[in-house]
Amino acid sequence: MKTYPIETFVLGLLASFLWFLPIHSAEAPAESSAVKGPSAKGTDPQIQGEERAILTTAPEVPPPITRKTPTKVIVDLEVTEVVKKLADGVEYLFWTFGGEVPGKFIRIREGDLVEFHLKNSPNSKMPHNIDLHAVTGPGGGAASSFTAPGHESQFSFKALNPGLYVYHCATAPVGMHVANGMYGLILVEPKEGLPPVDREFYVMQGDFYTSGKFGEEGLQPFDQERAVDERPTYVVFNGSVNSLVGDNALQAKVGETVRVYFGNGGPNLVSSFHVIGEIFDHVYQEGGIVANQRQVQTTIVPAGGSTIVEFKLEVPGTFILVDHSLFRAFNKGALGMLKVSGPENLLVYSGKEVDAVYLGSQAEAGAGSEKKLASLQSQMKEAIAADPKIAGLSKEMQMEKGRRVYMQTCFACHQPTGMGLPGVFPPLAKSDYLMADRDRSIRALIKGLSGPITVNGKNFSGVMPPVAINDDQIANVLTYIRNSWGNTGDAVTIDQVRQVRAQSAHQ
Ligand SMILES: [Cu+2]
């Protein structure tokens, strides 16, 4: 913490120093030296014609390239700094290539000459640039593309090497620009193309560092200390928790072969990419262009790296994409879904999908809850306008928020149904112990609970550790469990939680 202001100062100096360089060179009559080379500009006889790259937003991928000859491809990419959803109720100021995280997917062909136009929105506060790992040249284009807000830079490169490459911002402080979402993928198709498949998807992982804990609501600032310590609050696919869950799930059909272009923006973590219930038929390890592995369960994807996986879908159901470092998947957001429709194949799979169904419904309850909350929020606005008596609605809102806390923090032990596990985790559904004493439950969440207790006539002697949630979340989750699964009770207020916290601090 103490070094933070000094560091900011130094980085600030560095950034303001860099800032001036390109503005001056942009005023010079000639283009910067990086784009002058004969291989990049002008007279390559093989380059025929000119086209504009189709850029797509994840999980979409531009169509395969059918051209048999190299051409000049113009890429237009705008950097914007935008507040968007990081998780339900949580917002973050993302820095983006093209308005979304990850940045636009760029697809070109080996041998193409790329004329890159990087624009930085006039609304941006920071200068930005781009380092494409597909570029052969100093900084991967970074020095030639440094762009102040309201400016545009242009540089060209020849795509010498096929492969799936990460691009990212490389402006100081680089870690922070990447941590704010400045990365994407560029596919350089080999001359002979990639084998045809039925569907292609674009999924990219990234770690995020916020001052507030996971799920803490509101606009969350970037946390430098957590980033340096490599302790992310969020690890997500495609820029937000639940970006590939529920209605946003990837869709495919039985019998199809899918290809996933998977990137890892980092800035810190290495991903153990896995699809629960599937085996990758082919892996193009580290995003190279050779399908060099078969029958892979989990493939490692370095920060600033990528992989291509292909698998055929034999059975219907929901398949869960995860970083198999599992707390990231279940506690930090690195979880997505592929929904496969079509006829059952009982010869391949009997249908007892314990894992898939369990995880699926858990995550879907989260997504459903988000929608309900949005509709309740707008209802509440209307209700306030029409009638000041909003007590009922606000309790319902608390319950929805509480359901989210429950699905993130409590369900693993007490089960999504609130039924607990006999002899191990006591039930919350119709629990006489829970409903008998509100303040005792508040205390249990603040301080933890251990030792023998009796719930509905059954004895439990386990340990519940104190849960890492704030007073608001405690009030909401207790309101939820005290009004679910057959329980009926009052809303628990944040003031009641604060009182108990103050009392127990004196004990
Ligand atoms: Cu940047």
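Look a little higher up for the structure.
Residues numbered from 1 in each chain as written. Predicted model: local features only at pLDDT ≥ 70, side-chain atom pairs only at ≥ 80, totals over all residues. Heavy atoms only, no water.

Student: Explain the side chain of Asn-238 to me, please; I cannot follow it from the model alone.
Tutor: Checked against the element boundaries, Asn-238 lands in the loop between strand 12 (234–237) and strand 13 (250–253). For Asn-238, a relative accessible area of 9% puts it in the buried group. Ignoring anything within four residues of it in the chain, the contact list for Asn-238 reads Ala-58, Pro-59, Val-101, Pro-102, Tyr-202, Val-203, Met-204, Ser-243 and Leu-244. (Helix = DSSP H or I, 4+ residues; strand = E, 2+ residues; numbered from the N terminus. Buried < 20%, exposed > 50% of the residue type's maximum accessible area, 1.4 Å probe, protein only. Contact = heavy atoms within 4.5 Å.)

Student: Is there a simple way to think about the pairing of strand 15 (residues 271–276) in this case?
Tutor: Within a regular strand, the side chains alternate between the two sheet faces. Most of strand 15 sits out of view: 5 of its 6 residues are buried. Pairing between strand 15 and strand 20 (residues 317–323): 4 bridges, direction antiparallel. Note on strand 20: the bridge partner recorded for His-274 is Val-322. (Pairing = 2+ DSSP bridges.)

Student: Would you explain a nonpolar patch on the surface in this entry?
Tutor: Judged by side-chain polarity, Val-83, Leu-93 and Leu-219 come together as a nonpolar surface patch covering roughly 260 Å² of accessible area. Checked against the element boundaries, Leu-219 lands in strand 11 (residues 218–219). For Leu-219, a relative accessible area of 53% puts it in the exposed group. (Patch = residues over 30% accessible without salt bridge, like charges linked within 9 Å, V, L, I, M, F, W, Y side chains within 5 Å. Areas by Shrake-Rupley, 256 points an atom, 1.4 Å probe, with all protein chains shown as cover. Salt bridge = Lys/Arg side-chain N within 4 Å of Asp/Glu carboxyl O.)

Student: What is the right way to look at the environment of Leu-132 in this model?
Tutor: Counting through the fold element by element, Leu-132 comes out in strand 6 (residues 131–132). Residues Leu-132 and Ala-170 lie 38 residues apart in sequence; the distance between their C-alpha atoms is 9.6 Å. Setting aside anything within four residues of it in sequence, one finds Leu-132 in contact with Ile-106, Phe-116, Gly-140, Phe-155, Phe-157, Val-166, Tyr-167 and Ile-186.

Student: Would you mind showing me how to read helix 9 (residues 438–447) here?
Tutor: Every buried residue of helix 9 is listed here: Ser-441, Ile-442, Ala-444, Leu-445 and Ile-446. Sitting at the amino-terminal end of helix 9 is Asp-437, which places a side-chain oxygen 3.2 Å from the backbone nitrogen of Asp-439. Of the residues one or two after helix 9, Gly-448 is the one with positive phi, at around 85°. (Polar contact = N/O pair within 3.5 Å; in protein donor to acceptor, adjacent residues only side chain to side chain.)

Student: Could you clarify how one ought to interpret the pattern of salt bridges in this entry?
Tutor: Opposite charge on two side chains permits them to pair, given that their charged atoms come into close proximity. Tallied over the entire structure, the rule returns 23 salt bridges. Here Arg-259 and Glu-200 are joined by a salt bridge, their closest N and O atoms 2.8 Å apart. Here Arg-259, found in strand 14 (residues 257–266), pairs with Glu-200, found in strand 10 (residues 199–208); they are 59 residues apart in sequence, far enough to count as distant. Taking the relative accessible area as the measure of exposure, Arg-259 reaches 1% and is therefore buried.

Student: Would you mind showing me how to read the coordination of the copper ion here?
Tutor: The reference angle at a metal is 109.5 degrees if four donors form a tetrahedron and 90 or 180 degrees if six donors form an octahedron. Protein coordination at the copper ion: the donors are His-128 (ND1), Cys-169 (SG), His-177 (ND1) and Met-182 (SD), at 2.0 to 2.5 Å from the metal. Considering all 4 donor atoms around the copper ion, the spread of angles at the metal, 89 to 136°, places the coordination shape in the irregular class. Each donor residue of the copper ion lies on one chain, and together they are spaced H-x40-C-x7-H-x4-M. Taken as a pair, His-128 in the loop between strand 5 (113–120) and strand 6 and Met-182 in the loop between helix 3 (174–179) and strand 9 (183–189) lie far apart in primary sequence, 54 residues in all. Assigned by exposure class, His-128 and Met-182 land together as buried. (Donors = N, O, S within 2.8 Å, 3.2 Å for Na, K, Ca; no water. Tetrahedral: all angles 85-135°; square planar, octahedral: opposite > 155°, others 65-115°.)

Student: Explain the side chain of Asp-112 to me, please; I cannot follow it from the model alone.
Tutor: Within the secondary structure, Asp-112 sits in the loop between strand 4 (106–109) and strand 5. For Asp-112, a relative accessible area of 0% corresponds to the buried category. Of note is the side chain of Asp-112, whose polar atom sits 2.9 Å from the side chain of Arg-67. With sequence-adjacent residues up to four places away left out, Asp-112 is seen in contact with Ile-47, Arg-67, Thr-69, Pro-70, Thr-71, Val-73, Phe-157, Lys-158 and Ala-159.

Student: When you look at the packing of aromatic side chains in this model, what are you seeing that I'm missing?
Tutor: For any two aromatic rings, the description comes down to two numbers: the centre-to-centre distance and the angle of the planes. Evaluation of the coordinates by the stated rule reveals 16 aromatic pairs. Both rings, one in Phe-214 and one in Tyr-234, keep their centres 4.9 Å apart while their planes meet at 35°; by these two values the pair is tilted. Highlighted residues: Phe-214 in the loop between strand 10 and strand 11 and Tyr-234 in strand 12, separated in sequence by 20 residues. Side by side, Phe-214 and Tyr-234 carry an identical accessibility label, which is buried. One aromatic cluster is present, built from ring pairs that chain together Phe-237, Phe-262, Phe-273, Phe-280 and Phe-311. Over the aromatic face of Tyr-433 sits the side chain of Arg-440, whose NZ or CZ is 3.6 Å from the ring centroid. (Phe/Tyr/Trp six-rings, centres within 6.5 Å; stacked < 30°, edge-to-face > 60°. Lys NZ or Arg CZ within 6 Å of the ring centre and 35° of its normal.)

Student: Got a minute to help me understand the pairing of strand 7 (residues 152–158) in this structure?
Tutor: For strand 7, a buried count of 5 out of 7 residues is recorded, marking the element as mostly surrounded by other parts of the structure. Relative to strand 7, strand 5 runs antiparallel, the two being bridged by 7 bridges. Looking at the pairing, Lys-119 lines up with Glu-152 of strand 7.

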